[in-house]
Amino acid sequence: MYDVARIRQDFPILSQPHPSGKPLVFLDSAASSQKPSVVIDAMTNYYRTQHANVHRGIYALSEAATHAYEAARDKVKSFINAEQREEIIFTSNTTGSINLIVQTWGRQNLENGNVVVLTAMEHHANIVPWQILAAEKGFQIKYIPVTSDYLLDLEVFERILSEGNVKAVSVGHVSNVLGTINPVEHIIERAHAFGAIAIVDGAQSVPHLPVDVQALDVDFYAFSGHKMCGPTGIGILYGKRHLLEAMPPWQGGGDMIARVTLEGATWNDLPYKFEAGTPAIAEAIGLGAAVDYLQGIGMEAIHQHEAELGVYARERLAEVEGVQCYNPAPPYASGVATFTLEGVHPHDLAQILDYEGVAVRAGHHCAMPLHREVLCIHASVRASFYLYSTREEVDTLIACLQVARQRFL
Amino acid sequence: MDIYQENILDHHRNPRNWKLLDPYDFHASDENPLCGDTLEITLRVDENDRVVAVGWDGHGCAISQAAASMLGEEIIGKTLDEIKQLDKDVVLDLIGIPLSVSRVKCALLSLKVLKSAVYNLESQQ
């Protein structure tokens with residue numbers, strides 16, 4: 001039995017009143033999730049009792065910090081079922097992970113005449129790094145279009161592959177705007193069939209669904225700590241070992257070297273080759289606590305709870321005159337409801353909802369091409385749900401929409 | 001404080017001078033890339049460089065559009081030099097209630113477009 005009331009007690013911020021005096025209805029977890037006490041406590045405890053730099057000291061505190069930091073890596077490895085701990089690189093966030101891939105694997109392997117395949121529903125983090133390198137190297141970017149039912153057009157994908165020269169395919173597992181759960185298993189399989197590597201942006205999937213990188217056979221998988229109950233400032237890059245071994249380092253500095261002379265340097269082993277400088281130690285420890293917390297509840301249960309809320313929210317939204325939703329139907333839908341309300345600009349709507357204690361996202365959600373070129377709108381409102389979201393919160397959202405509509409008409 | 005006071009909603013529902021002028025003496029358009037709000041302005045001036053007509057077009061949130069409507073009414077009869085002296089407080093006073101940092105940008109898009117128009121014309125002369 002999924003006990004959402006019990007889960008909510010784990011998140012101190014959810015019982016804190018909104019400045020309006022009304023209860024906080026937090027529907028922006030796709031931007032960043034709230035944090036359970038176990039994560040906050042793990043980080044506080046580390047700073048109070050264990051803090052020292054990692055991988056350096058011969059003293060007990062440093063060894064304790066190193067142990068806690070590396071234990072977090074093992075937790076992440078198990079969570080996504082990576083084969084080896086060396087395949088888990090700590091970065092700053094999903095954006096940092098994708099930039100690492102582009103600037104190392106991409107810089108080493110892409111040249112004029114090559115093609116990188118992205119999709120029209122990508123977050124800017126999986127578009128702009130590629131555009132920056134393409135401007136320098138001259139490779140081409142092709143985009144899988146989005147169909148009118150908010151899914152990827154796999155026929156066009158197949159055509160792009162058969163046109164040749166595709167070296168990499170990089171897609172979001174779950175769209176941060178549409179909530180579409182993309183068929184990444186199929187996309188990875190087809191990419192491999194054409195000799196391309198497959199990269200998945202998992203920022204919106206790892207927090208919400210069971211993910212098994214070995215079952216997916218994905219080459220690189222990127223995600224963030226802060227969207228999965230962990231702290232900001234830490235992200236993860238999973239990469240297959242043979243690819244990571246062949247890649248040059250990205251940032252140089254301490255910790256990533258084996259030996260340095262005045263003439264040059266050799267690189268440390270994986271995963272440290274890609275972790276230059278003092279890492280986000282407290283954040284890794286907080287992330288480890290978040291992984292334990294999510295596993296304690298169960299990713300399948302969390303996914304089911306959110307998917308049900310998504311269905312309920314879109315049903316209720318359909319009752320509001322003037323609402324248009326931009327989400328696919330199950331089984332491709334997730335716990336996201338993205339919509340516009342006729343006559344009320346998304347920013348005005350978000351502001352009015354805030355007066356009622358309801359926090360939603362308004363804007364292009366870092367997906368300008370999707371909004372302008374696919375949905376043909378400038379902005380939308382997104383309500384996103386997580387393990388602590390409730391049907392009552394959906395009801396509050398709907399009631400507030402009715403009020404907003406009346407005020408603006 | 002609720003920023004959707006009756007005067008703002010009134011200007012949002014019935015924006016003033018909401019039709020581009022043809023012909024015009026000055027023109028500019030701009031957008032706020034963060035939220036996608038767009039505004040376009042046309043101005044006609046008399047022989048003394050005094051604004052005799054304003055025409056706006058655009059789309060966006062109630063704050064950006066109402067601010068443009070209010071500002072348009074405010075500048076009719078002003079000279080180009082007087083318009084160049086306008087600062088953000090003019091717009092914020094017209095709005096009349098405190099705005100959060102993110103919404104101040106919405107309100108000031110109109111002033112930015114107006115200033116672009118006025119300075120563009122001068123560079124053409």
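All values reported here derive from a predicted model rather than from experimental measurement. (Residues numbered from 1 in each chain as written. Chains lettered and ligands numbered in written order. Predicted model: local features only at pLDDT ≥ 70, side-chain atom pairs only at ≥ 80, totals over all residues.)

We now examine the overall build of chain A. Helix and strand content of chain A: 14 helices and 15 strands. For 409 residues, the compact-globule estimate of 2.2 N^0.38 gives 22 Å, and chain A sits close to it at 22 Å. Taken along its principal axes, the extent of the C-alpha atoms in chain A is 70 × 60 × 35 Å. By residue count, 50% of the 409 residues in chain A fall in the buried class. In chain A, 69% of the contacts between residues at least 6 apart in sequence involve partners at least 24 apart. (Helix = DSSP H or I, 4+ residues; strand = E, 2+ residues; numbered from the N terminus. Rg over C-alpha atoms; globule rule 2.2 N^0.38 Å. Buried ≥ 20, exposed ≤ 12 C-beta atoms within 10 Å, placed from the backbone. Contact = placed C-beta atoms within 7 Å.)

Contact with chain A, which involves 12 residues of that partner, is made by 9 residues of chain B. Elements represented by at least two residues in the side of chain A that touches chain B include exactly α12 (346-355) and α14 (391-408) of chain A. Counting residues per element, the side of chain A that touches chain B draws most heavily on α12 of chain A, which supplies 5 residues. Grouping the amino acids of the side of chain A that touches chain B by side-chain chemistry returns 4 nonpolar, 6 polar and 2 charged. (Nonpolar A, V, L, I, M, F, W, Y, C, P; charged D, E, K, R; others polar.)

Here the focus is helix α11 (residues 299-318) of chain A. Every α-helix winds through 3.6 residues per turn, so residues three or four apart in the chain are directed the same way. Residues and elements named next belong to chain A. For α11, spanning 20 residues, the distance from its first C-alpha to its last is 29 Å, which sits close to the expected 28 Å at 1.5 Å a residue. Taken residue by residue, α11 has Ile302, His305, Glu306, Ala307, Leu309, Gly310, Ala313, Arg314 and Leu317 as its buried positions. Along its buried surface, α11 packs onto α10 (281-297), β11 (323-325), β12 (336-341), β15 (380-384) and α14. (Expected span 1.5 Å × (residues − 1).)

Looking now at the sheet that holds strand β3 (residues 51-59) of chain B. Paired through backbone hydrogen bonds, the strands of a sheet run either parallel or antiparallel to each other. Residues and elements named next belong to chain B. The antiparallel open sheet is built from 3 strands, whose spatial order is β1-β2-β3. Of all strands in the sheet, those bounded by a partner on one side alone are β1 (26-32) and β3. Between one strand and the next, the sheet's axes are offset by a mean angle of 15°, whatever the strand orientation. Sheet analysis places β1 next to strand β2 (residues 37-45), joined by 7 bridges and oriented antiparallel. Counterpart to Phe26 in the pairing with β2 is Leu43. (Pairing = 2+ DSSP bridges. Axes fitted to C-alpha atoms, helices over the stretch in contact; angles between N-to-C directions.)

The next thing to look at is the sheet that holds β11 of chain A. All names here are of chain A. Overall, antiparallel pairing links the 4 strands, which are arranged β11-β12-β15-β14 in an open sheet. Among the strands making up the open sheet, the edge pair consists of β11 and β14 (361-363). With strand direction ignored, the average angle separating the axes of adjacent strands in the sheet is 30°. With 3 bridges connecting them, β11 and β12 associate as antiparallel partners. Along β12, the bridge assignment pairs Val323 with Leu341. In the packing of α11 onto the sheet, contacts are made with β11, β12 and β15, and the angle to β12 comes to roughly 15°.

The subject of this paragraph is the pairing of β3 of chain B. Here β2 of chain B pairs with β3 of chain B via 8 bridges, running antiparallel. Of the residues in β3 of chain B, the one forming a bridge with Leu39 of chain B is Gly58 of chain B.

In this section: the nonpolar core. All names here are of chain A. One finds Ala198 and Ile285 to be the most contacted residues of the largest nonpolar core, which totals 156 residues. Counting residues per element, this core draws most heavily on α10, which supplies 10 residues. When residues of this core are assigned to domains, at least three fall in each of domain 1 (4-31 + 298-408) and domain 2 (41-295). (Core = buried A, V, L, I, M, F, W, Y, C linked by C-beta atoms within 7 Å. Domains from an automatic or database assignment.)

All names here are of chain A. A rise of 1.5 Å per residue sets the reference length of helix α4 (residues 94-109), with its 16 residues, at 22 Å; its end C-alpha atoms lie 21 Å apart and thus fit the reference within 8%. Among all positions of α4, only Thr94, Thr95, Gly96, Ser97, Ile98, Asn99, Leu100, Ile101, Val102, Thr104, Trp105 and Gly106 are buried. Buried residues along α4 sit against β2 (88-91), α5 (128-137), β6 (197-201), β7 (220-224), β8 (235-239) and α9 (241-246).

All we've got here are geometric facts, nothing functional implied.
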